[in-house]
Amino acid sequence: MAKTVPPFHPSLLKLYSLSIILISALACATNPATGKKDLVLVSEAQEVEMGASADRQVTQSMGLYDDEDLASYVSDTGLRLARKAERPNLPWKVQVIDSPVVNAFAIPGGYVYLTRGILAYMNSEAAMVGILGHEIGHITARHSVQQISRAQLAGIGLGVGSIVVPDVRPFGDLLQTGVGLLFLKFSRDDERESDTLGVRYSLAAGYDPTEMAAFFGVLDRMGERSGNDVPGWLSTHPDPEDREEHILQLVSAQAGNRSLVVKEEEFKRRLEGVIFGENPREGFMDGNRFKHPDLRFQLDFPTGWNVQNTPRAVYSAPPEGDAALQLTGTPVEEGTRPEKYATRFFQQNKIEFGTGERIRVGGFPAYRAPFRVRSPQGVLIGEAGFVIDGETAYEILGYTYEQRYRSYRNTFHTVIESFARLTDRRALDIQPHRIALYPVPGNTTARKAFLDSGAGDESIDELALLNNLRPEDPVETGTLLKVVDPPLSRQPGRSNCPCSAARSGSRPFSGSPSRSTFPGWSWSCC
Ligand SMILES: [Zn+2]
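**Some details on the overall build of the chain**
Secondary structure summary: the chain contains 16 helices and 24 strands in total. Counting over 526 residues, the chain shows a buried share of 59%. Taking the contacts inside the chain whose residues are at least 6 apart along the sequence as the reference set, 71% of them involve residues at least 24 apart.

This is the structure:
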């Protein structure tokens, strides 16, 4: 959960539908980027409207990274490329998502996103330009638009009009089927075409596209190491080596002997101080206890349940998937009475509710009531707890299928009653890891340099990958290496050791094709 609770009203099971009326006539248009004839059933105005709605969903559910300098640097660089590309009049927007997950993606209408996670693993402005160029390429070549058009023609309900983003995910990943439609999986040919366009746009702006090829190498190594799937946008390509090869061929054919820009050091300085890995200030799991240092509260989830922390809400479900809990926060006026708040909440969200009772939870005034709601999955019954802590109202909703209600009712009550003020000093003081720079003092190997910088032995592979080096590679005096502060390795028994922050789920990319939680470790357990 983000500290500044976004101004939204958690509307249970309310579906937002971007109702866009589609032109039913077939249209064949020449693709501006590729020159090919495309099947296009979506006008540019519709594409832009669809993109704008999707962008609101993306930024609200995933959250933007709060760093003005970095945001304008990435945006300015991306816009310079986009405005020279084939669709300069789209309302281009290039943004940095606050997520440790390594990912980049684009949605129709001109919206391009990089996560802080992917930026951390880049080593030059040219690499970033290549990836931005690739994503811009998906938009200029209208890959999504064509897919939506083809699906429409095939009568599959994948049309723009059916893009639906639910506010909560009771059973299964509704969010994925909702936002997921915006992240249509591109074909191998689409990816290859985007690589070609990425090279073209890089060269047009004077950057060296071999840096982009090198970055694909990093992603490849990442996939091998983590054992996880590589990010979704890469995984459609069976062989990242082919991809590197393809890019290098294009470069040798197109670059000539121009001198091209890389900007390594300057780029790394831009990354200094950027949060690396999960940010525990926005909540982390310590065993089955969720602790939120910025909002100073804790809540115990049932043992064995999966917990996912997103900027909007914390979700939890048992492995069986037949029940769900969600925790959200909403700003309220100081002194708001919990029963009044509860009634308003239920009414605003059109939820049927039963007789409740005023209780005290962790010393806070609270109200608890049963509720029921009709959903596409059938009737859901649950228990809701509302806790008022100063200027924030917390809503804790537990729900399940009608026939399972009896077996979960007590569990829901226990969770609601576990809400308490966070007083654990170590948790309150916890700080995220940040990227720092280490200038190599004398010629040595990467491994030795990392150790000299204060890193632990077990983090050498991770740091080497972060710098696109092998541990045994030589590094020269003055080379600027990216390291992590405080160091990734932690002494056993060291005090501030939050467990399972990283394993609590990839935050907040559940809706994207990338299920990768890489980097898999940001906090080691003691
Ligand atoms: Zn792609």
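**Things to note about the nonpolar core**
Residues Leu119 and Tyr121 are the most contacted members of the largest nonpolar core, which totals 72 residues. The leading source of residues in this core is helix H4 (residues 125–140), at 8 residues. When residues no more than four places from it in sequence are discounted, the contact partners of Leu119 are Leu70, Val74, Val96, Leu114, Met128, Phe267 and Leu271. Within the second largest apolar cluster, 25 residues are counted, among which are Met285, Leu295, Phe297 and Ala366.

**Digging into helix H2 (residues 68–82)**
The end-to-end C-alpha separation of H2 is 20 Å, in line with the 21 Å expected for 15 residues at 1.5 Å each. Within H2 the residues assigned to the buried category are Leu70, Tyr73, Val74, Ser75, Thr77, Gly78, Leu79, Leu81 and Ala82. Looking at the packing, one finds that the buried side of H2 touches strand S4 (93–97), strand S6 (111–115), helix H3 (116–120), H4, helix H7 (188–204) and helix H11 (264–271). Two or three places before Asp69, at the opening of H2, Asp67 has a side-chain oxygen 3.2 Å from that residue's backbone nitrogen.

**Regarding the sheet that holds strand S20 (residues 420–421)**
As summarised here, the arrangement of the 4 strands in space is S9-S10-S11-S20, forming an open sheet in which the pairing is antiparallel. Lying at the two open borders of the sheet, with one neighbouring strand each, are strand S9 (284–286) and S20.

**Let's talk about the coordination of the zinc ion**
For the zinc ion, the full set of protein donor atoms is His134 (NE2), His138 (NE2) and Glu191 (OE), and the range of their distances to it is 2.0 to 2.1 Å. Mapping the donors of the zinc ion onto the primary sequence yields the spacing H-x3-H-x52-E. Pair noted here: His134 is in helix H4 and Glu191 is in helix H7, with a separation of 57 residues, a long-range link.

**With respect to unusual backbone geometry**
The amide bond that connects Asp485 to the next residue, Pro486, takes the cis arrangement and shows omega of -5 degrees. Within the secondary structure, Pro486 sits in the segment after strand S24 (480–485). In this structure, Arg296 is a non-glycine residue whose phi angle is positive, near 55 degrees. In this fold, Arg296 is placed in the loop between strand S10 (289–292) and strand S11 (297–300). By relative accessible area, which is 42% here, Arg296 ends up partly exposed. The phi dihedral of Asn468 is positive, around 50 degrees, even though this residue is not glycine. Among the structural elements, Asn468 can be located in the loop between helix H16 (460–466) and strand S23 (474–475). We classify Asn468 as partly exposed; its relative accessible area is 30%.

**Comments concerning the pairing of S11**
Examined bridge by bridge, S10 and S11 share 4 bridges and lie antiparallel to one another. Bridge pairing in S11 links Lys291 to Gln298. Linkage of S10 to S11, two consecutive antiparallel strands, is achieved through a turn of 4 residues, within which Arg296 is found at a positive phi near 55 degrees. Judged from the 2 bridges that link them, S11 and S20 form a sheet pairing that is antiparallel. Paired with Phe297 across the two strands is Arg421, which belongs to S20.

**Quick word on the environment of Trp305**
Tracing the backbone shows Trp305 in the loop between S11 and strand S12 (306–309). By relative accessible area, Trp305 is classed as buried at 13%. On a C-alpha basis, the gap between Trp305 and Asn288 in space is 8.1 Å, while along the polypeptide they are 17 residues apart. Apart from the residues lying within four places of it in its own chain, the contact partners of Trp305 are Ser316, Ala317, Pro318, Ala323, Ala324, Leu325, Tyr408, Thr411 and Phe412.

**Section: the pairing of strand S14 (residues 323–331)**
Where burial is concerned, most of S14 is hidden: 8 out of the 9 residues are buried. Bridge count between strand S13 (residues 314–317) and S14: 3 bridges; the pairing is antiparallel. From the neighbouring strand, Ser316 faces S14, where its bridge partner is Leu325. In this antiparallel pair of consecutive strands, S13 and S14, the connection spans 5 residues, and Gly321 shows a positive phi of 70 degrees. Bridge count between S14 and strand S19 (residues 392–401): 9 bridges; the pairing is antiparallel. Opposite Leu325, over in S19, you have Gly398 as the bridge partner.

**Considerations on a negative patch on the surface**
Among the surface-exposed residues, Glu224, Glu241, Asp242 and Glu245 lie close enough to one another that they form a single negatively charged patch. Sort the elements by how many residues they give to the negative patch and helix H10 (residues 240–254) lands first, with 3 residues. Looking at the element boundaries, Asp242 is found in helix H10. The class of Asp242 is partly exposed, set by a relative accessible area of 46%.

**So, the packing of H4 against H7**
Remark: H4 packs on H7, axes separated minimally by 7 Å, with the N-to-C direction vectors making an angle of 125 degrees. Judged on the interaxial angle alone, H7 and H4 are oblique. In the crossing of H4 with H7, the sense of the turn from one axis to the other is right-handed. For the pair formed by H4 and H7, the contact residues are Val129, Gly130, Gly133, His134, Ile136, Gly137, His138 and Thr140 on the first element and Asp190, Glu191, Ser194, Asp195, Leu197, Gly198, Tyr201 and Ser202 on the second. Taken together, the residues of the contact of H4 with H7 break down into 4 nonpolar, 9 polar and 3 charged.

**Points about the side chain of Arg116**
With respect to the secondary-structure elements, Arg116 resides in helix H3. Of note is the side chain of Arg116, whose polar atom sits 2.7 Å from the backbone oxygen of Gly277. In this view, Arg116 contacts Tyr65, Val96, Ile97, Asp98, Ser99, Pro100, Val274, Ile275, Phe276, Gly277, Glu278 and Asn279; residues no more than four positions away in its chain are not counted.

**Considerations on the side chain of Arg243**
Looking at where Arg243 falls in the secondary structure, it is placed in helix H10. On the accessibility criterion, Arg243 (1% relative accessible area) is buried. Of the polar contacts made by the side chain of Arg243, one reaches the side chain of Asp195; its length is 2.6 Å.

**As for the pattern of salt bridges**
This structure, assessed with the given rule, holds 28 salt bridges. One connected set of salt bridges, linked through shared partners, spans Asp286, Lys291, Asp424 and Arg426.

Rules behind the numbers
Residues numbered from 1 in each chain as written. Predicted model: local features only at pLDDT ≥ 70, side-chain atom pairs only at ≥ 80, totals over all residues. Heavy atoms only, no water. Helix = DSSP H or I, 4+ residues; strand = E, 2+ residues; numbered from the N terminus. Buried < 20%, exposed > 50% of the residue type's maximum accessible area, 1.4 Å probe, protein only. Contact = heavy atoms within 4.5 Å. Core = buried A, V, L, I, M, F, W, Y, C linked by side-chain atoms within 4.5 Å. Expected span 1.5 Å × (residues − 1). Polar contact = N/O pair within 3.5 Å; in protein donor to acceptor, adjacent residues only side chain to side chain. Pairing = 2+ DSSP bridges. Donors = N, O, S within 2.8 Å, 3.2 Å for Na, K, Ca; no water. Patch = residues over 30% accessible without salt bridge, like charges linked within 9 Å, V, L, I, M, F, W, Y side chains within 5 Å. Areas by Shrake-Rupley, 256 points an atom, 1.4 Å probe, with all protein chains shown as cover. Salt bridge = Lys/Arg side-chain N within 4 Å of Asp/Glu carboxyl O. Lys, Arg positive; Asp, Glu negative; His and termini not counted. Charge placed at Lys NZ, Arg CZ, Asp CG, Glu CD. Axes fitted to C-alpha atoms, helices over the stretch in contact; angles between N-to-C directions. Parallel < 35°, antiparallel > 145°, perpendicular 65-115°, else oblique. Left-handed = near helix turned anticlockwise from the far one by under 90°. Nonpolar A, V, L, I, M, F, W, Y, C, P; charged D, E, K, R; others polar.

What is shown is where atoms sit, not what they do.
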